[in-house]
Amino acid sequence: MINQTKNNNKDFSIFFDNKERSVEKIQSYIEQSIEQGAKGITLLLGIDYISDFETLNEYFTSINIPISGGVFPEVIHENTYYKDAVIAIAWDTEVEINTYQNISDPTTELYQQATSKEDVIQSGNSGCLVFVDAKTRSPEEALDALYYRSENDYQYAGAGAGYSFDEQFPCIICNDGIIKDALQTIRLSLHQENKVSYGWTVLSGPHLVTSSEKNKIYSLDYLPIEEQYRKFIQNSINEDISNLTIKDLLAKYPIGIYHYDEYMIVRDPFEFRDKAIEFFGDIPEFSNIYILTAKHQELIDETENCLNLFNTNTINCNNSLTLLFSCVGRRNFMGENSNRELSNAVEQLSTQHSVIGTCSFGEIATNDAGLLRFHTLSLVVSGVYQ
Amino acid sequence: MKFLDPYNLISLQHELIMSIGTYDETDEILKCFSLRAIKTLNLKRIHIIQKEDINLDIKDQVFSIPPLNNSFLEDNNRLAKYRYSQTPTNSEYIEEIKCDRTYFYCFSIKNLGFMFLERRLKPFGESLLQALVAPISRFGMAYLNKHQFLLNIKQKETIEEISMDLELDKLKFETILGAISDSVIAINIYKEIIFANNSAYKFLNTGFKCKEFTKKYYEYFRLYELVGNKDITRSLELLAIKDKKWSPEDPVLFKAKGLDPIVCEIKVQEIKSKNSKTDEGFYVITFHDITEAYEMEKFLSWQASHDPLTEINNRIGFDREFEAVINDKKSEHHALICLDLDRFKHVNDIGGHLAGDNLLKQVSCLIQREMGENDVLGRIGGDEFCILLKNCTMEYAKDISERVLETIKRLRFQWDDNIFTIGVSIGLTEITPKDTDSGLIFFRADEACMRSKQNGRNQVSLSQDLLEPKENSTSKINYINYINKSLASDESDFNFILYQQQIKSLSDKEKDHIEILLRMNYKDKVILPNAFLPSAERYGMVSSIDYWVVKNALEYLENDDSMDVNVNLSGVTLSDRNALREIKELIEDHPKAAKSLCLEITETAIITNLTKCLKFMEIMGDLGVTFALDDFGTGLSSFGNLKNLPVKYLKIDGSFIRDIYKNEIDQIVVKSINEAAKAMKLKTVAEFVENQSIYDVVSDIGLDFAQGFHLNEPEILQLH
């Protein structure tokens, strides 16, 4: 069964499948897109859609149409999260796909200043999707490099690809196959508006990060992180947490980083080892952080508020695509309420909108100053329109 | 929710200030602060116009973080003006410059330059911009302080490197100074030694390091003039002070306590102190030891002017001394003696050149014994010597000449089995202050010497004699032609004649002898053998003359054998196997006369040719010929040798007889000889009995015969 959403103005076409779950199905979508004159294809592949990555890999290297995308824990189609689905976006307008490989190596192309040839799409229509291997050495550093290398102001939105907390697997789709340690940009000849919804509130803080390294915090306010973290939480709530393990606490109390003139950046703590709490995303030393907390409903409400802030052009445009990039951690934290959050959001958006997205390891969105931010425990909503 | 309250601004300031950190490099401070600011403030870039600061070694430059391919100042005059602004004297926020969708926020940084925060899309609020002044200012201070700190370290390292280099240079120069053979000493104005290299320690004989030099330099060493030995130690200071340096052309003599004097070249150089606070300089003294070279030069000079064999002056050396005396304006009377050895060739021929060399050494030693300290002896030819007697009278010169003559005459030179006697012909001339031509003086002495030779050798002639005209002089006669004529018995002006002198028996038991003496007759003048024998010796005619004499003696005895006849046989004949054979055959032809013939042989001649002589004497003895040992006592023979010789008569040398009446030693010697001779059944003969006193003494001693002018003078032997 082919589930295709066809845009009348031929900006893009959406193909969705969670039934056949085969390489052939993907091939058929792509071939069909080529027949329809697509300029490029972006695939959002749920981890359980297929297991034969090898055949798929060979196929990607054999086709001529520019292909992009990633492999994620789940994909979003309309109001549902799918682990076993694939979404193919056939771009009928001009797209420029750049895949930067070996991004853990700071001497590679990503870290050099862009040449003017790369900026083939004139600014104005400045939409750009971005996928990065979430298990690369430093996703934030890669995103910074992307920002600094170009003089153009793009509205980036995207997600951290991958499907394992512990290991790095190939997860970025390109014409070289499915690769790891890569960052991919898909520049669109379309407008794009991004909003970030997190809904977390400050439980304690600010606290000074007095010892950190990349994504690990060792001490807060000059004392070891574990006891400080536990103490600050305990001092901020009435409930006794002494019987909770550090892992229990990490699951409930993320931290936020304050940047001037910007919304809080939430960092998802996922591990405590070697006297350090490890996060998705870097925590700079001597930065001020806050211990955050949230109720599920508050998160749902925040998403609603966020969508309300969308530009009316975005909301009212009949020919638009809404991309949702939701965090794995947020999904874990909210449980079933996460599905309700998605349903509400889709309902809130116009029925004219195609809603697709991913559940991923971190979300990416530009802030007001054009800088790419790597978020966790958040929901990035990106509206793409003519 | 947005955080714009003052607390958050303070937190922001704190975060940015903390990012400045304590990095070791200025680039790290810049990078960390900038990246943190970029991240925290959502900047696109930070741009910096850095002004030149020579004192901090900061260069004028414009750069961006992250880097830009092109300068951010291009195409924007509002930004570019800061490129040419003066270095700011304070830190403050200056202005916002908007270009399209980009905002540049300009801050001045005291003593560093300008910082531009580039932000896209969204402008900053004023409160934030003011809040950023403090961290940017702090960054500037930290950045400049680190520059200053690093510069200090760099300068310190540079100073340390220079110090190390200087230390190395010092070590290098000390090593070089230590390695060179020249001695280097530094003396301060207090005359203390402040440095000495290794060679100098040896020079000074100190054996310790310079810090232990406690005394003034002149207590360690002194300097003297090489010629004259004048102490010039003080000159070292005076000359160096006056001229700043002193390098005498002539070497000086360096004397350190306990060491042999060293001949050295010296250089003194004043070194002025560069320390303007003090005027204290020092002197570097370099001593170059040339003792060895000096000695070598002296030796070469000595070699050039001396005869290596006799170690006396050679012709060059003697001329130099001689010229010096002639040219000395204060010169007094001097004398020049020329000596020509007689029969030296014979020694060379018989004994070889080694014998001749040794004879020359002995002769030169003997001559020097007779000379004064200031007199000069030179060997100016093979067997020719000269003596320069300084400041002397002619009497003294004559005396010296006679003594030399006598010494050489009495020399018995033994070489292997031979004993040689030589003579010397001496010419003497006076040197007066009027004499300025050294050649002429030499000529005079040489002429006198020649005269001695021509007069029969072994004599002293004065140059003044040459000035007296002597007609019919025989001095220039070439005797060899006349010897030949005489031997041939041709009728000519020259011919040999035989004289006889009685050898009187002092007892009744022995009959008298006569000794036949040879003379040459020239126009009624009798020429003594001393005049013609040298020519005979030089041209090998001696054996022929001996043969002639023996032949005539035998012919005389054939007619009159009333007295035994003594004939002298020379050493030359005795050493000539052919001559002996001819004489033997001659005597064998006169068996009757042979029984009255007594051949006189000198003990030197016998010992020199002992084997041949013994055989000859044995044969002659068989024919009835007897032998007399002539001049006994002057040679090297002993009584031990005497008893083995088949001689019958012992003729005691005249030197023991001449003063026997007044010299007790001579009497003892003669008595001893007589007693020994008697024990060996030999007859003894006293020669040179020139007065009655001698005659009485020799008679009393009991000698068998006496011979001399007191008894009779030689007279012509009347041949029959």
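Look above for the structure.
A brief look at the structure comes next. (Residues numbered from 1 in each chain as written. Chains lettered and ligands numbered in written order. Predicted model: local features only at pLDDT ≥ 70, side-chain atom pairs only at ≥ 80, totals over all residues. Heavy atoms only, no water.)

A look at the overall build of chain B
Then comes step 1: Of the regular secondary structure elements, chain B holds 25 helices and 29 strands.
Then comes step 2: Of the contacts formed within chain B by residues at least 6 apart in sequence, a portion of 60% connects residues at least 24 apart.
Then comes step 3: Within the structure as shown, chain B displays about 36700 Å² of accessible surface, and the carbon and sulfur contribution to it stands at 49%. (Helix = DSSP H or I, 4+ residues; strand = E, 2+ residues; numbered from the N terminus. Contact = heavy atoms within 4.5 Å. Areas by Shrake-Rupley, 256 points an atom, 1.4 Å probe, with all protein chains shown as cover.)

Quick look at the side chain of B:E270
Residues and elements named next belong to chain B.
Then comes step 1: Among the secondary structure elements, E270 is positioned in strand β11 (residues 262-271).
Then comes step 2: Classification of E270 as buried rests on a relative accessible area of 14%.
Then comes step 3: Dropping the residues within four chain positions of it, E270 is found in contact with K244, F282 and Y283. (Buried < 20%, exposed > 50% of the residue type's maximum accessible area, 1.4 Å probe, protein only.)

Concerning the sheet that holds strand β6 (residues 80-82) of chain A
All names here are of chain A.
Then comes step 1: Taking strand neighbours across the sheet as the criterion, the six strands line up as β6-β5-β23-β22-β26-β14 in an open arrangement whose pairing is mixed. The open sheet is flanked by β6 and β14 (191-197), the only strands paired with a single partner. The sheet shows a mean angle of 20° between the axes of neighbouring strands, direction not considered.
Then comes step 2: With three bridges joining them, strand β5 (residues 74-77) and β6 adopt antiparallel strand pairing. Bridge pairing links H77 to T80 in β6. (Pairing = 2+ DSSP bridges. Axes fitted to C-alpha atoms, helices over the stretch in contact; angles between N-to-C directions.)

Some remarks on the packing of aromatic side chains
Then comes step 1: Per the counting criterion, the structure on display carries 33 aromatic pairs over all chains.
Then comes step 2: An angle of 65° between the planes, with centres 5.8 Å apart, marks the rings of A:Y154 and A:Y156 as edge-to-face. The residues A:Y154 and A:Y156 share a single accessibility class, namely buried.
Then comes step 3: Ring pairs connect the aromatic residues B:Y217, B:Y218, B:F221, B:F254 and B:F287, which therefore count as one cluster.
Then comes step 4: Against the face of B:Y499 rests B:R519, its NZ or CZ located 5.6 Å from the ring centre. (Phe/Tyr/Trp six-rings, centres within 6.5 Å; stacked < 30°, edge-to-face > 60°. Lys NZ or Arg CZ within 6 Å of the ring centre and 35° of its normal.)

So, the sheet that holds strand β13 (residues 334-342) of chain B
All names here are of chain B.
Then comes step 1: An order of β14-β15-β13-β18-β19 is seen for the five strands of this open sheet, with the pairing classed as mixed. The open sheet has two edge strands, β14 (376-379) and β19 (460-462), and neither has a second partner. The average undirected angle you get between the axes of adjacent strands in this sheet is 20°.
Then comes step 2: Bridge count between β13 and strand β15 (residues 384-389): six bridges; the pairing is antiparallel. Within β15, the residue paired with L339 across the bridge is F385.
Then comes step 3: The strands that helix α8 (residues 315-327) touches are β13, β14, β15 and β18 (423-431); relative to β15, the one it contacts most, it runs at about 25°.

Focus on the pairing of strand β26 (residues 379-385) of chain A
Residue and element names in this part refer to chain A.
Then comes step 1: Counting buried positions along β26 yields seven of seven residues, so the element is predominantly enclosed.
Then comes step 2: Burial of the side chains of β26 extends over both faces: L379, V381, G383 and Y385 are buried on one face and V380, S382 and V384 on the other.
Then comes step 3: Inspection of the sheet shows β14 paired to β26 by seven bridges, in the antiparallel sense. Opposite Q192, over in β26, you have V384 as the bridge partner.
Then comes step 4: Here strand β22 (residues 320-327) pairs with β26 via seven bridges, running antiparallel. The partner of S320 across the bridge, within β26, is Y385.

Side note on the environment of B:I387
Residue and element names in this part refer to chain B.
Then comes step 1: Considering the arrangement of structural elements, one finds I387 in strand β15.
Then comes step 2: Exposure remark for I387: the relative accessible area of 0% places this residue in the buried category.
Then comes step 3: As for I387 and L336, which are separated by 51 residues in sequence, their C-alpha atoms are 5.7 Å apart.
Then comes step 4: The residues touching I387, leaving out its near neighbours within four places in the chain, are F318, A335, L336, I337, L339, I367, M371, V376, L377 and V404.

Considering the nonpolar core
Then comes step 1: In this structure, A:L183, B:L41, B:L117 and B:F139 are the most contacted members of the largest nonpolar core, which totals 70 residues.
Then comes step 2: Among the elements that take part in this core, helix α4 (residues 126-179) of chain B stands out by supplying 11 residues, more than any other.
Then comes step 3: Excluding its chain neighbours within four sequence positions, the residues that come into contact with B:L117 are B:L41, B:L43, B:R45, B:I46, B:Y103, B:F104, B:Y105, B:F107, B:F124, B:L132 and B:I136.
Then comes step 4: One finds B:I545, B:W548, B:I601 and B:V697 within the second-largest nonpolar core, a separate group that totals 68 residues. (Core = buried A, V, L, I, M, F, W, Y, C linked by side-chain atoms within 4.5 Å.)

Here's the deal with unusual backbone geometry
Then comes step 1: With an omega dihedral of 5°, the bond running from A:G205 to A:P206 counts as a cis peptide bond.
Then comes step 2: With respect to the secondary-structure elements, A:P206 resides in strand β15 (residues 201-213).
Then comes step 3: Omega for the peptide link from B:I65 to B:P66 comes to -10°, which places this bond in the cis form.
Then comes step 4: For B:P66, the position within the fold is in the loop between β2 (61-65) and α3 (77-80).
Then comes step 5: Here B:E311, not a glycine, exhibits a phi torsion of approximately 65°, which is positive.
Then comes step 6: On the basis of relative accessibility, which here comes to 56%, the residue B:E311 falls in the exposed class.

Concerning the packing of helix α16 (residues 542-559) of chain B against helix α18 (residues 577-588) of chain B
Packed helices, taken two at a time, are described by their axes: the angle between them and the distance between them.
Residue and element names in this part refer to chain B.
Then comes step 1: Contact pair α16 / α18: the axes reach a minimum separation of 10 Å and the direction vectors enclose 10°. When the axes of α16 and α18 are compared, the pair comes out roughly parallel. In this structure, α16 contributes S543, Y547, V550, K551 and L554 to the contact, and α18 contributes A579, E582, I583, L586 and I587.
Then comes step 2: A class-by-class count of the residues in the contact of α16 with α18 yields seven nonpolar, one polar and two charged. (Parallel < 35°, antiparallel > 145°, perpendicular 65-115°, else oblique. Nonpolar A, V, L, I, M, F, W, Y, C, P; charged D, E, K, R; others polar.)

Topic: a nonpolar patch on the surface
Residues and elements named next belong to chain B.
Then comes step 1: Together, F173, I176 and I180 line one region of the surface with nonpolar side chains, adding up to about 260 Å² of accessible area.
Then comes step 2: Mapping I180 onto the fold places it in the loop between α4 and β6 (183-188).
Then comes step 3: Residue I180 is classed as partly exposed on the basis of its relative accessible area of 32%. (Patch = residues over 30% accessible without salt bridge, like charges linked within 9 Å, V, L, I, M, F, W, Y side chains within 5 Å. Salt bridge = Lys/Arg side-chain N within 4 Å of Asp/Glu carboxyl O.)

Some remarks on empty space enclosed by the protein
Residue and element names in this part refer to chain A.
Then comes step 1: Applying the stated criterion across every chain yields a total of three cavities of 30 Å³ or more.
Then comes step 2: The computed volume of the largest cavity comes to approximately 40 Å³.
Then comes step 3: Lining the largest cavity are I300, T303, E304, L307, E341, N344, A345 and Q348.
Then comes step 4: Breaking the lining of the largest cavity down by element, the ones donating at least two residues are α6 (296-308) and α9 (336-348).
Then comes step 5: Each residue belonging to the lining of the largest cavity can be placed in one class, and the counts come to three nonpolar, three polar and two charged. (1 Å grid on protein atoms, 1.4 Å probe; cavity = no way out; pocket = protein on both sides within 12 Å on 5 of 7 lines; lining within 4 Å. Points joined across faces, edges and corners; volume = space filled by probe spheres on them.)

Examining the interface of chain A and chain B
Then comes step 1: Listed by partner, the interface residues are 31 residues for chain A and 35 residues for chain B.
Then comes step 2: Buried surface at the junction of chain A and chain B, summed over both partners, amounts to about 3100 Å²; 48% is from carbon and sulfur atoms.
Then comes step 3: The largest contributions to the chain A side of the interface with chain B come from A:Y148, A:Y258 and A:Y260, which together make up 25% of the buried area.
Then comes step 4: The interface formed by chain A and chain B includes four salt bridges.
Then comes step 5: Residue A:D368 pairs with B:K122 through a salt bridge whose shortest N-O separation is 3.4 Å.
Then comes step 6: Across the chain A-chain B interface, the total number found is 12 residue pairs in polar contact (both at pLDDT 80 or more).
Then comes step 7: The set of elements that each furnish at least two residues to the side of chain A that touches chain B consists of α3 (139-149), β15 and β21 (288-293) of chain A.
Then comes step 8: Of the residues assigned to the side of chain A that touches chain B, the class counts are 15 nonpolar, seven polar and nine charged. (Buried area = accessible area lost by both parts, 1.4 Å probe. Polar contact = N/O pair within 3.5 Å; in protein donor to acceptor, adjacent residues only side chain to side chain.)

So, the layout of surface pockets
Then comes step 1: In this model, the second largest pocket occupies a volume close to 1400 Å³.
Then comes step 2: Considering the residues around the second largest pocket, the lining is formed by 40 residues, among which A:E141, A:D144, B:K31, B:L35 and B:R36 are closest to the centre.
Then comes step 3: Counting residues per element, the ones that place at least two in the lining of the second largest pocket are α3, β15 and β19 (265-273) of chain A together with α1 (6-20), α2 (26-40) and β2 of chain B.
Then comes step 4: A per-element tally of the lining of the second largest pocket places α2(B) first, with eight residues.
Then comes step 5: Here the residues of the lining of the second largest pocket are counted per class, giving 17 nonpolar, eight polar and 15 charged.

Let's talk about the pattern of salt bridges
All names here are of chain B.
Then comes step 1: By the definition in use, this model includes 44 salt bridges over all chains.
Then comes step 2: With a shortest N-O distance of 3.5 Å, E585 and R581 are connected by a salt bridge. Taken together, the residues span about one helical turn, with E585 and R581 both in helix α18 at a distance of four residues.
Then comes step 3: For E585, a relative accessible area of 35% translates into the label partly exposed.
Then comes step 4: With a shortest N-O distance of 3.9 Å, E687 and K651 are connected by a salt bridge. Separated by 36 residues along the polypeptide, E687 in the loop between β27 (683-686) and α25 (692-701) and K651 in strand β26 (residues 649-652) bring together distant segments of the chain.
Then comes step 5: Here E687 falls in the buried class, since its relative accessible area comes to 9%.
Then comes step 6: In this structure K651 comes out as buried when scored by relative accessible area, which is 1%.

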